[in-house]
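# Chains, contacts and geometry: an overview
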Amino acid sequence: MTISRVHYDLTDLCNAGCPQCARTDPDGCKPKDWLARRVCSLGDFQRYSPPEFMSTLRSIFFCGNYGDPAVVPDLVPILQYCWACNPALAIKVYSNASIRPVSWWRDLAGAASGHSFRLIAAIDGASHETNRLYRVGTDFSRIMRNTEAFISEGGEAEWWMLVFRHNEHEVTTAEQMAGARGFVNFRSYPSNRFGGKPSFTYSHKGEEYVLMPPTRTLAPKSATTHKIAVEDLARTEVVISCEARRASEAFIDFMGYLSPCCHVGRRIYMKDRGMFPQGDSWIGDAFDTFDTRRMNIDQVGFASARAAYDAFLNHLEAYWAHQTPHVCKVVCGKKQAVSAA
C-alpha cells in the first residue's frame, strides 16, 4: 500500500495531566508509572523516516497518543529536516501550547515560514478556570502569550476546544476570542472517552472533580471514523473499512514502530511496556499471531518494517469479516443497513 500521510508520536512526555488521556492516572492526574519517558531525537526521526520516504509523502502531523510534541527538544530541527527532504510537505503540530518561552514559539513560526504549516492548539475554554478543569497543569495566560507570539510572527494556528458540560457555556466566547486573536480556524467537539458512562471522576491535589458530556449534541472530532459505542459492540453488525487504507496513512512512534494507525500503535506501545494482556479483547489474538517486532524500525531497519506494515494490514483484514478486532470495529466499523421486512 502507498503511504502518503504519516501520524507521528514523538514522545510520551507531557506538561499536562489531562484525566482522560491514556498517559494519565486519573487518581491524582500524574503520569502512569509504566511509561517509557522517551523522546524522539532528530537522529531517531531520520532513522524512522529516511529522506527517500519523506520525499514521497503528501502530509504529516505530530499528535501524541501519550505526549505533547512541543515537549520534544528537537521538534524544530525535525520540522526543518522534513522540509529539507520535501519542501512541499504539509505539516500540522498538535499541542496544548502551555510550554516553552514565547521566543520558542516565534522561532517555530520562523522555521515554518514559506511552508504549509498549522499549529493545532488544544484550548478547552475561554478562561483559566474552565480550561484547567481538563487541561490539568496548563496555564491559560501562558497559552495566550505563546499563541500570540506564534501568530504575530506569521504562524497559522487553529483553536480546537474539547467540550464538556463545565465549559459548553464558553464555546461562543472562545470562538470569538479565536477570531479576535488571529486564529485561522475554531473547532469544538465532545470528548469520546467516557466509555459509555454518564460521567468521569478524577482527583487532583486532593480534590475530586467530575467530568460530564455536554448537554447539547455536537459533531464528533472525526467525520470519517465511525466510533461504534463500546456498549453497542456486541449487538452491532458492521463492515470494517480501514481508515489507514482509505487515507493511505501510517503511524510512527518514538519507540520506532511503524503501524497502521494511532489506535493500533497505542496498543503496540502498551504491549511493548508489558501492559497489554495476552488475548485482550480490544485486539484479540491479532498481536499473538503476528510478531509486532517486525514493524520496529530500530530492530529490523526501515525497509523491513515497511514491508511488515503491509503484511500486518493483510493480517488484520482476515479478522474483519468476523467483526474483530474490537479496536477496528469501534473506530472503523460502519453499521450495516437493515433491510425492511
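Structure report, in brief. (Residues numbered from 1 in each chain as written. Predicted model: local features only at pLDDT ≥ 70, side-chain atom pairs only at ≥ 80, totals over all residues. Heavy atoms only, no water.)

This part covers the overall build of the chain. Check the secondary structure of the chain and you find twelve helices and 14 strands. Radius of gyration (C-alpha) of the chain: 20 Å, near the 20 Å computed for a compact globule of 341 residues. Summarising its shape, the C-alpha atoms of the chain cover approximately 50 × 50 × 45 Å along the three principal directions. Counting across all 341 residues of the chain, residues that qualify as buried make up 53%. Restricting the contact set of the chain to residue pairs at least 6 apart, pairs at least 24 apart contribute 76%. Surface exposure of the chain reaches about 15100 Å², of which carbon and sulfur atoms provide 50%. (Helix = DSSP H or I, 4+ residues; strand = E, 2+ residues; numbered from the N terminus. Rg over C-alpha atoms; globule rule 2.2 N^0.38 Å. Buried < 20%, exposed > 50% of the residue type's maximum accessible area, 1.4 Å probe, protein only. Contact = heavy atoms within 4.5 Å. Areas by Shrake-Rupley, 256 points an atom, 1.4 Å probe, with all protein chains shown as cover.)

Turning our attention to a positive patch on the surface. A cluster of basic residues, Arg193, Lys221, Lys227 and Arg266, forms a positive patch at the surface. With respect to the element layout, Arg193 can be found in the loop between strand E8 (185-190) and strand E9 (200-204). Taking the relative accessible area as the measure of exposure, Arg193 reaches 44% and is therefore partly exposed. (Patch = residues over 30% accessible without salt bridge, like charges linked within 9 Å, V, L, I, M, F, W, Y side chains within 5 Å. Salt bridge = Lys/Arg side-chain N within 4 Å of Asp/Glu carboxyl O. Lys, Arg positive; Asp, Glu negative; His and termini not counted. Charge placed at Lys NZ, Arg CZ, Asp CG, Glu CD.)

This next bit is on the environment of Cys328. Turning to its location among the elements, Cys328 is positioned in helix H12 (residues 326-332). What makes Cys328 buried here is its relative accessible area of 10%. Spatially, the C-alpha atom of Cys328 lies 8.4 Å from that of Trp282, the residues being 46 residues apart in sequence. Once residues lying within four places of it in the same chain are set aside, the contact partners of Cys328 are Ile240, Leu316, Trp320 and Gly333.

What follows concerns the packing of aromatic side chains. Counted by the stated rule, this structure contains 22 aromatic pairs. Consider the rings of Tyr8 and Phe62, whose centres lie 5.3 Å apart with planes at 20°: the pair is stacked. Pair noted here: Tyr8 is in strand E1 (residues 5-9) and Phe62 is in strand E4 (residues 59-62), with a separation of 54 residues, a long-range link. A cation over an aromatic ring shows up here: Arg187 above the ring of Trp160, its NZ or CZ 4.4 Å from the ring centre. (Phe/Tyr/Trp six-rings, centres within 6.5 Å; stacked < 30°, edge-to-face > 60°. Lys NZ or Arg CZ within 6 Å of the ring centre and 35° of its normal.)

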